[in-house]
Amino acid sequence: MVILFILLPFILLLILNLPFKFLNARVASFLSAVLFLTQVFSVLVHSWLHWSNQALILGQFFKFSLVLDPLALVMLLTIGIVVFISLLVARSTLTTEKRYFNFINLLLVSFIGMNATVLIADIFSLYVFVEITAVAVFVLMAIEKNRFAIEGTFKYLVLSMIASIFILTALAFFLMACGETSFTGIHNAFLAGANIILLNFAAALFLCGLFIKCGIVPFHGWVPDAYSEAQSAVSVLLAGVVTKITGVYVLMRLFISVFVLKGNFGNVIMLFGVISIVFAALAAFNQNNIKRMLSYSSISQVGYIILAIGCATPLAILGAVLHFFNHAISKSLLFVNAAVLEKKFGSTDISIITGLGNQLPVTSATSLVGLLSTAGIPPFIGFWSKLIIIIALFTAHRFVYGGIALLTSILTLAYFLYMERNVFFIKTQEPGQDKERVPFGLKFCEILLAAIIVGAGLGLPFILNSQILRGFLRS
Amino acid sequence: MITLDLILLSILLLFVIWTVMTVRLVHAVVGLALTSAILAVIIYRLNSPLAAVFELSVCSGLISVIFITTVSFTQRISKERFIIRRRERLLRFLYLPFIIIVAGWLLIKYLRIPQFSLPSAASVTDARLVLWHLRHLDLLGQVIILIAGVFGVVVFFKETNK
């Protein structure tokens, strides 16, 4: 049944492009929303997913080897939520119906790409679907065709191609050393220990490519431009899941369950993680544009996940997965808040839009939830994920890394409160220029994401006890 | 035979440099086509005739045609700007030969490739069998990426024409 996560969106993509007049943007939007929500609910009630593909006779035609483990379930859940939110944001922010229809189609392509990336158990197919996601997102980023968005896309494209060169070279070495590209084959080759120099070299090349895809320091050049200049719905998608799935998830999957690395690999990953955390948090302070500040914050938060992956104890991995989920949801929320400001005032510059707390109570309240969760304040989910990561670092005797992670949380809180104070809390003499009313769709997204952050934070004991995370800890 | 490989690689390097350094777009496309052609010969010599055919037909043939079609829509650069651009480009990449020589010297002097006991290449030589029986998920991927490409063309070009 797992195969449906790839086939259903593909079939929907084909249906939407049949030459029938009734298949317009509205119908496409409805069907896609149903599909994304179905993914969310099917992950939450996931026992039926383990049925064999033969149950639908699909297994006879599609003999893909896919893996559905607890890690994949968390990723599918996150993808479902963020893609749904991105769809709603696009409905309210894209300028024409035709563009919205094209957006939905490309969103479905990236959705297939991300789902397949999560489920695949072959390193070459993984690369193919990572590229599919990237190609769809390149087009999505420039969908409104403004000059700056195209510049951001171009930077992303060039750096992504450099990452691809690293990854493809690594793939060639893996194929050379193992004779195949399945996860099991590569894992067994690492365990066997023959050609270990070649395998380690390939893993290092792969790591370089993934660091660019993750957008962590010093490979972050494309992230602020890409996130801040893209259309709001695409910013949500990019910051919420795309870079996380194509970079962070792949790193998590390969370096935890496929590669068997000894020596200093963990330390190198942790070092890059901690550099990202600190540098990006400091850089966020200097930003006057909310979207650019959020971009740097995103780099910093990805640093936490990378740090936890490098630590590689079961607790650290649990922290990494929880922080992945937290970061995807809270960053999506903050980018939706930015979309509201952009929609209403035509700008996200902190010096232009100030003192909006009274005009935008929902945005003000939900942005507070998002930033407190990102900074790691209880009782939100971000608090638990950061706490678990820091405890994991201390228990693994990584005191310096743990200390830096802890202190940078305060820095995160500081720059977010600076933004919140200027944009929402300051009392201004003149009200900001009112451009448009905030559409209900955007308000709904804000409330939904804030509810997930609060609900997941308060209900963490239940979540930890859920089948998905219990399975995760067991595995 | 190693001498022939070295000659081929050197020619490849020359074509690559020419592709990057030339100012005229048509020359760059021709450089790319020649690079692909030499690469196809190298791939053929590495016992992968099918990959060589793909490289020659797609990269050297099809892509060059698409590029030249696109270039035909652009305006030819004036003689004065051509001279200025050429000088700028030469100055910008003045260090390139130096880096190539130093890197080559370092590789020859210090690189010691360890001996590996590599598994033999897969015995299935029929590409159709590989594609349909072993890699059909990648085939699905190819179809999806084509669809993404079509939407890219629609978004970037069709809307503009309207």
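In this text, all values refer to a predicted model and were calculated from it rather than measured experimentally.

Turning our attention to the overall build of chain A. For chain A, the count of helices and strands is 20 helices and zero strands. In terms of overall size, chain A behaves like a compact globule, its C-alpha atoms giving a radius of gyration of 21 Å where 475 residues would be expected to give roughly 23 Å. Taken along its principal axes, the extent of the C-alpha atoms in chain A is 70 × 60 × 45 Å. Burial analysis of chain A (475 residues in total) assigns 55% to the buried set. For chain A, contacts bridging at least 24 residues in sequence account for 81% of all contacts bridging at least 6.

All names here are of chain A. Look at helix H15 (residues 361-375) against helix H17 (residues 399-425): their axes get within 9 Å of each other, and the N-to-C directions meet at 170°. Classified by the interaxial angle, the pair formed by H15 and H17 is roughly antiparallel. Helix-helix and strand crossings are classified by hand; for H15 and H17 the assignment is right-handed. Here Ser364, Ser367, Leu368, Leu371, Thr374 and Ala375 of H15 come into contact with H17, specifically with Ser409, Thr412, Leu413, Phe416, Glu420 and Phe424. Across the contact of H15 with H17, the residue classes tally to six nonpolar, five polar and one charged.

Moving on to helix H14 (residues 314-345) of chain A. Over its 32 residues, H14 of chain A extends 46 Å from the first C-alpha to the last, a length consistent with the 46 Å expected when each residue adds 1.5 Å. Just past H14 of chain A, the residue glycine 346 of chain A takes up positive phi, approximately 70°.

In the segment running from valine 217 of chain A into proline 218 of chain A, the intervening peptide bond is cis, with an omega of 5°. Considering the arrangement of structural elements, one finds proline 218 of chain A in the loop between helix H9 (196-214) and helix H10 (222-229). The amide bond that connects proline 378 of chain A to the next residue, proline 379 of chain A, takes the cis arrangement and shows omega of 5°. Among the structural elements, proline 379 of chain A can be located in the loop between H15 and helix H16 (381-395). Even without being glycine, asparagine 195 of chain A reaches a positive phi, approximately 55°. Tracing the backbone through its elements, the reader meets asparagine 195 of chain A in the loop between helix H8 (183-192) and H9. With 22 C-beta atoms counted inside 10 Å, the residue asparagine 195 of chain A sits in the buried group. Phi angles above zero are rare outside glycine, and asparagine 47 of chain B is one such case at about 65°. Looking at the element boundaries, asparagine 47 of chain B is found in the loop between helix H2 (25-45) and helix H3 (49-71).

With that settled, the discussion passes to the interface of chain A and chain B. Facing 24 residues of chain A, the contacting portion of chain B comprises 17 residues. Broken down by secondary-structure element, the contributors of at least two residues to the side of chain A that touches chain B are helix H1 (4-16), helix H5 (97-119), helix H6 (123-141), helix H7 (147-178) and H9 of chain A. Ranked by residues supplied to the side of chain A that touches chain B, first place goes to H6 of chain A with eight residues. A breakdown of the residues in the side of chain A that touches chain B according to their chemical character gives 19 nonpolar, five polar and no charged.

What counts as what
Residues numbered from 1 in each chain as written. Chains lettered and ligands numbered in written order. Predicted model: local features only at pLDDT ≥ 70, side-chain atom pairs only at ≥ 80, totals over all residues. Helix = DSSP H or I, 4+ residues; strand = E, 2+ residues; numbered from the N terminus. Rg over C-alpha atoms; globule rule 2.2 N^0.38 Å. Buried ≥ 20, exposed ≤ 12 C-beta atoms within 10 Å, placed from the backbone. Contact = placed C-beta atoms within 7 Å. Axes fitted to C-alpha atoms, helices over the stretch in contact; angles between N-to-C directions. Parallel < 35°, antiparallel > 145°, perpendicular 65-115°, else oblique. Left-handed = near helix turned anticlockwise from the far one by under 90°. Nonpolar A, V, L, I, M, F, W, Y, C, P; charged D, E, K, R; others polar. Expected span 1.5 Å × (residues − 1).

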